[in-house]
Amino acid sequence: MQYRYETHCHSNRCSRCAHSSPTELVQAYHKMGYAGLILTDHFIHGNNCVNQTLPWEQQMQCYYDAYLEAREGAKSLDFDVFFGLEHAYGGGLEILCYGLDLDFLLANPDIPQLDLESFAHRVHSYGGILIHAHPYRWAGPELQLPLNVLDGIEVYNAGNPPDKNVLAKELAEQTDLIQTSGSDLHRITEPKLGTAGIALPYRLKSNADLISALKNRDHTLILPY
């Protein structure tokens, strides 16, 4: 038996460009036969809709509340939800962050001022990992990815042109970084629902399970072909 997980999706609670609620995402993926998803709303410098005039603690609670809403909606469906973020640095540099939680966010209020290397050090010290989202979306082969701090590359993104996904796949194979697939879903009516993600021979129950599965390469990629 294979357990399928979406690794990259957005809710309208925190992502300005999204149209579906956390609960709607859960219901849609469950209906497609997935075992769970990682909610990766746009973070601080990205296309988010969290009120940034709020104190840091309240802003972070907004992100975590979206996750809690999804998790609550999943209880009756026997469906697993994990907390993630998509952190933007500009110029097409957007990073999917896995293995974090509210405690990490509250303990690091200077995240908006950190460069990627400093942020990566803290994420890794906490046990998390960083995956480059949709590489080359706004650039060609000349794009220089920060390979020294990345754990993996999203080699298939359902919103990326095929040639960009090919470049990402080639780079991941050259560098032996973790490979992931994600739909980058913003609305449950999009045809890319259910066309991406990862599949595992066992079910994930915790952040530790998720990180271990990816680091050990226990997963296979869900692709539309």
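Chains are numbered independently. Their residues run from 1 in the order of the written sequence. Where totals are concerned, whole chains, interfaces and linings use all residues; where local detail is concerned, this predicted model gives features only for residues with pLDDT of at least 70, and gives and counts side-chain atom pairs only at 80 or more. To get the side-chain values, take all heavy atoms of the structure and skip hydrogens and water.

## Here we look at the overall build of the protein chain
Here is the rule: Labels follow the DSSP assignment, with helices taken as runs of H or I lasting at least four residues and strands as runs of E lasting at least two, numbered in each case from the N terminus. Within these notes, the globule rule equals 2.2 Å times the number of residues to the 0.38 power, and the radius of gyration is based on C-alpha atoms. Categorising residues by exposure relies on relative accessible area from a 1.4 Å probe, with only protein chains included: less than 20% of the type maximum marks a residue as buried, more than 50% marks it as exposed, and the intermediate range marks it as partly exposed. With residues, only the protein chains shown are counted as cover, and all accessible areas are computed by Shrake-Rupley using a 1.4 Å probe. Charged-residue counts in this description rest on Lys and Arg as positive and Asp and Glu as negative, His and the chain ends being excluded. Lys charges are placed at NZ, Arg charges at CZ, Asp charges at CG and Glu charges at CD.
Looking only at helices and strands, one finds 6 helices and 9 strands in the protein chain. Rg of the C-alpha trace for the protein chain: 16 Å, near the compact-globule value of 17 Å for 225 residues, within the 12% margin. By principal-axis analysis of the C-alpha atoms, the protein chain measures approximately 40 × 40 × 30 Å. Every one of the 225 residues in the protein chain was classed for burial, and the buried ones make up 56%. Carbon together with sulfur atoms contributes 50% to the accessible area of the protein chain, which is approximately 9,600 Å² in total. The positive charge centre, built from 16 side chains, and the negative charge centre, built from 27, are 6 Å apart in the protein chain.

## Quick word on the pattern of salt bridges
For clarity, the threshold we go by: Here a salt bridge means any side-chain nitrogen of Lys or Arg lying within 4 Å of a carboxyl oxygen belonging to Asp or Glu.
With the rule as written, the count across this model stands at 9 salt bridges. A single network of salt bridges, built from pairs that share partners, joins Asp78, Asp80 and Arg203.

## Remarks on the sheet that holds strand S1 (residues 3-9)
Within a sheet, adjacent strands bond to each other through the backbone by hydrogen bonds, running parallel or antiparallel. Threshold: In short, DSSP must find at least two bridges between two strands for them to pair. Lines fitted to C-alpha atoms define the axes here, with helix axes fitted over just the stretch in contact, and angles between the N-to-C directions of these axes take values from 0 to 180 degrees.
Spatially, S7-S6-S5-S4-S3-S2-S1-S8-S9 is the arrangement adopted by the 9 strands of the open sheet, whose pairing is mixed. In this open sheet, the two edge strands, each paired with only one partner strand, are strand S7 (178-182) and strand S9 (220-222). When strand polarity is set aside, the average angle formed by the axes of neighbouring strands in this sheet is 30°. Note that strand S5 (residues 129-132) and strand S6 (residues 152-157) share 2 bridges and pair parallel. Following the sheet pairing, isoleucine 131 is matched in S6 by glycine 152.

## Examining the packing of aromatic side chains
Note the threshold: Put simply, two rings from Phe, Tyr or Trp (the six-membered ring, in Trp's case) pair if the centres are within 6.5 Å, and we call them stacked under 30 degrees between planes, edge-to-face over 60, tilted for the rest.
Per the counting criterion, the structure on display carries 7 aromatic pairs. Ring centres 5.1 Å apart and planes at 70° place the aromatic pair phenylalanine 43 and tyrosine 63 in the edge-to-face group. Taken as a pair, phenylalanine 43 in the loop between strand S2 (36-42) and helix H2 (56-74) and tyrosine 63 in helix H2 lie far apart in primary sequence, 20 residues in all. Residue phenylalanine 43 shares its accessibility class with tyrosine 63, and that shared class is buried.

## Regarding the nonpolar core
Applicable threshold: Buried residues of nine kinds, namely Ala, Val, Leu, Ile, Met, Phe, Trp, Tyr and Cys, make up a nonpolar core once their side-chain atoms join them within 4.5 Å. The criterion used for residue contact is that any of the two residues' heavy atoms lie within 4.5 Å.
Counting 55 residues, the largest nonpolar core has Tyr29, Leu37, Phe43 and Phe119 as the members making the most contacts within it. Among the elements that take part in this core, H2 stands out by supplying 8 residues, more than any other. Tyrosine 29 has contacts with Glu6, Cys9, Tyr34, Leu37, Phe79, Ser183, Leu185, Leu193 and Gly194, leaving out every residue within four places of it along the chain.

## Focus on helix H5 (residues 162-175)
Condition: A helix is expected to span 1.5 Å multiplied by its residue count minus one. Arc definition: it is the arc formed by the directions from the helix axis to the C-beta atoms.
Across its 14 residues, H5 extends 20 Å between first and last C-alpha, which sits within 8% of the 20 Å expected from 1.5 Å per residue. Within H5 the residues assigned to the buried category are Lys164, Asn165, Leu167, Ala168, Leu171 and Ala172. All buried residues of H5 fall inside an arc of 155° around its axis, so they share one side. Across from the buried face of H5, at angles greater than 90 degrees, the exposed residues are Pro162, Glu173 and Gln174. Phi turns positive one or two residues past the end of H5, at aspartate 176, with a value near 60°.

## Here's the deal with the pairing of S5
Consecutive side chains along a regular strand alternate between the two faces of the sheet. Residues Ile129 and Ile131 line one face of S5 and the alternating positions Leu130 and His132 line the opposite face, and both faces are buried. Pairing of strand S4 (residues 94-98) with S5, which is carried by 4 bridges, proceeds in the antiparallel orientation. Each bridged residue has a counterpart across the sheet, and for tyrosine 98 the counterpart in S5 is isoleucine 129.

## Focus: the packing of helix H1 (residues 22-31) against H2
Worth spelling out the cut-off: Angular relationships are summarised with four words: roughly parallel below 35 degrees, roughly antiparallel beyond 145, roughly perpendicular across 65 to 115, and oblique for the angles in between. Helix crossings are classified by the rotation of the near helix relative to the far one: an anticlockwise turn of less than a right angle makes the crossing left-handed, while a clockwise turn makes it right-handed. Residue type decides the class: Asp, Glu, Lys and Arg count as charged, Ala, Val, Leu, Ile, Met, Phe, Trp, Tyr, Cys and Pro as nonpolar, and the leftover types, Gly among them, as polar.
Following both chains from N to C, one finds H1 and H2 inclined at 40°, their axes separated by 8 Å at the closest point. Here H1 lies oblique to H2, going by the angle between them. The element H1 and its partner H2 pack so that their crossing is right-handed. For the pair H1 and H2, contact is made by Pro22, Thr23 and Val26 and by Ala66, Glu69, Ala70, Gly73 and Ala74, respectively. The class makeup of the residues in the contact of H1 with H2 is 5 nonpolar, 2 polar and 1 charged.

## Considerations on the side chain of aspartate 151
The following threshold applies: Under the rule applied, a polar contact is a pair of N or O atoms within 3.5 Å (in protein, one hydrogen donor and one hydrogen acceptor; residues adjacent in sequence only if both atoms are side-chain atoms).
Along the chain, the position of aspartate 151 falls in the loop between S5 and S6. Of the side chains with opposite charge, lysine 215 comes closest to the buried, unpaired aspartate 151, at an N-O distance of 5.8 Å. Polar side-chain contacts of aspartate 151 include one of 2.7 Å to the backbone nitrogen of leucine 130. Among residues more than four places away in sequence, those in contact with aspartate 151 are His124, Gly128, Ile129, Leu130, Ile131, Leu177 and Ile178.

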